[in-house]
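# Results of the structural survey
Next come the chains, spelled out residue by residue.
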Amino acid sequence: MILKLEHIYKDYIQGKMTVPVLKDVCLNVEKGEYVAIMGPSGSGKSTLMNIVGCLDRPTSGSYELSGRDIQSLNEKQLAEVRLHSIGFVFQNFQLLPRMTALDNVALPLVYSGVRKKTRREQAKAALTRVGLEDRVMFKPTQLSGGQKQRVAIARAMVNRPDILLADEPTGALDSKSSKQVMELFQKLNDEGVTVIMITHDSGIAHHAKRIVTIFDGELSEQEGTVSE
């Protein structure tokens, strides 16, 4: 088991009111799985993503990632988990505009203390893995939306994380680029990468091998969602 959420609740305080966002969420993900968490706007999926990504803490419940009790970690330890154990892919790419694709991908390695020569080699290998070996010196303004997202995926994978966590990864892309990004996720999953994808789009969700739906802060499993 690579990820285990048990009885997760998340409440927000608004004035004198307590607003429940996640309600008794339980989720197990095995190593090598490809899971989509699908729900409409306001369903709680972004809150759930923030908890899975160690960007926020639940109000109550337990969270284990690769056997570690996430609830017991301090902020510095959580930052280490985010750096080494979770690769993030966001809807709007989050690339630094003045840096080349190579330097954007190498950024997590800088924070990990990897030597310059080694990190450039690893960043180039990650870009080759996503089919962008001919774009290493391009800046984001010189890349299409699909290419930017592939750079972001390369950056997410460069530290060899336990989980690739993607938040609406095709939300800013046209249909052709979306198809290419979904093919890349499938390729990475075939290579053994654990993928958790947050989406509101059922067409995108059905690229995953397992679909979990979230509505009003509650999870339910869809039956018969394994894709070939």
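Note that the structure is a prediction, hence the values are computed from the model and not measured.

## As for the overall build of the protein chain
- Counting its regular elements, the protein chain contains 7 helices and 10 strands.
- With respect to the principal axes defined by its C-alpha atoms, the protein chain has extents near 50 × 40 × 35 Å.
- Within the protein chain, the fraction of its 228 residues that count as buried is 46%.
- Looking at the protein chain as shown, the accessible area adds up to about 11,300 Å², and 49% of this sits on carbon and sulfur atoms.

## Examining the packing of aromatic side chains
- Tallied over the entire structure, the rule returns 1 aromatic pair.
- A centroid spacing of 5.8 Å and a plane angle of 0° characterise the contact between phenylalanine 88 and phenylalanine 90, whose relative ring orientation is stacked.
- For phenylalanine 88, a relative accessible area of 14% translates into the label buried.
- Classification of phenylalanine 90 by relative accessible area gives partly exposed; the value is 22%.
- Above the plane of the ring of phenylalanine 138 lies arginine 135, whose end atom (NZ or CZ) is 4.9 Å from the centre.

## Digging into unusual backbone geometry
- In the Ramachandran plot, histidine 7 falls in the positive-phi region, its phi being about 50° despite a non-glycine side chain.
- Inspection of the secondary structure puts histidine 7 in strand 1 (residues 3-14).
- Under the relative-accessibility criterion, histidine 7 is labelled partly exposed at 46%.
- Phi is positive for aspartate 24, close to 55°, though the residue is something other than glycine.
- The topology assignment puts aspartate 24 in strand 2 (residues 17-29).

Rules of the game
Residues numbered from 1 in each chain as written. Predicted model: local features only at pLDDT ≥ 70, side-chain atom pairs only at ≥ 80, totals over all residues. Heavy atoms only, no water. Helix = DSSP H or I, 4+ residues; strand = E, 2+ residues; numbered from the N terminus. Buried < 20%, exposed > 50% of the residue type's maximum accessible area, 1.4 Å probe, protein only. Areas by Shrake-Rupley, 256 points an atom, 1.4 Å probe, with all protein chains shown as cover. Phe/Tyr/Trp six-rings, centres within 6.5 Å; stacked < 30°, edge-to-face > 60°. Lys NZ or Arg CZ within 6 Å of the ring centre and 35° of its normal.

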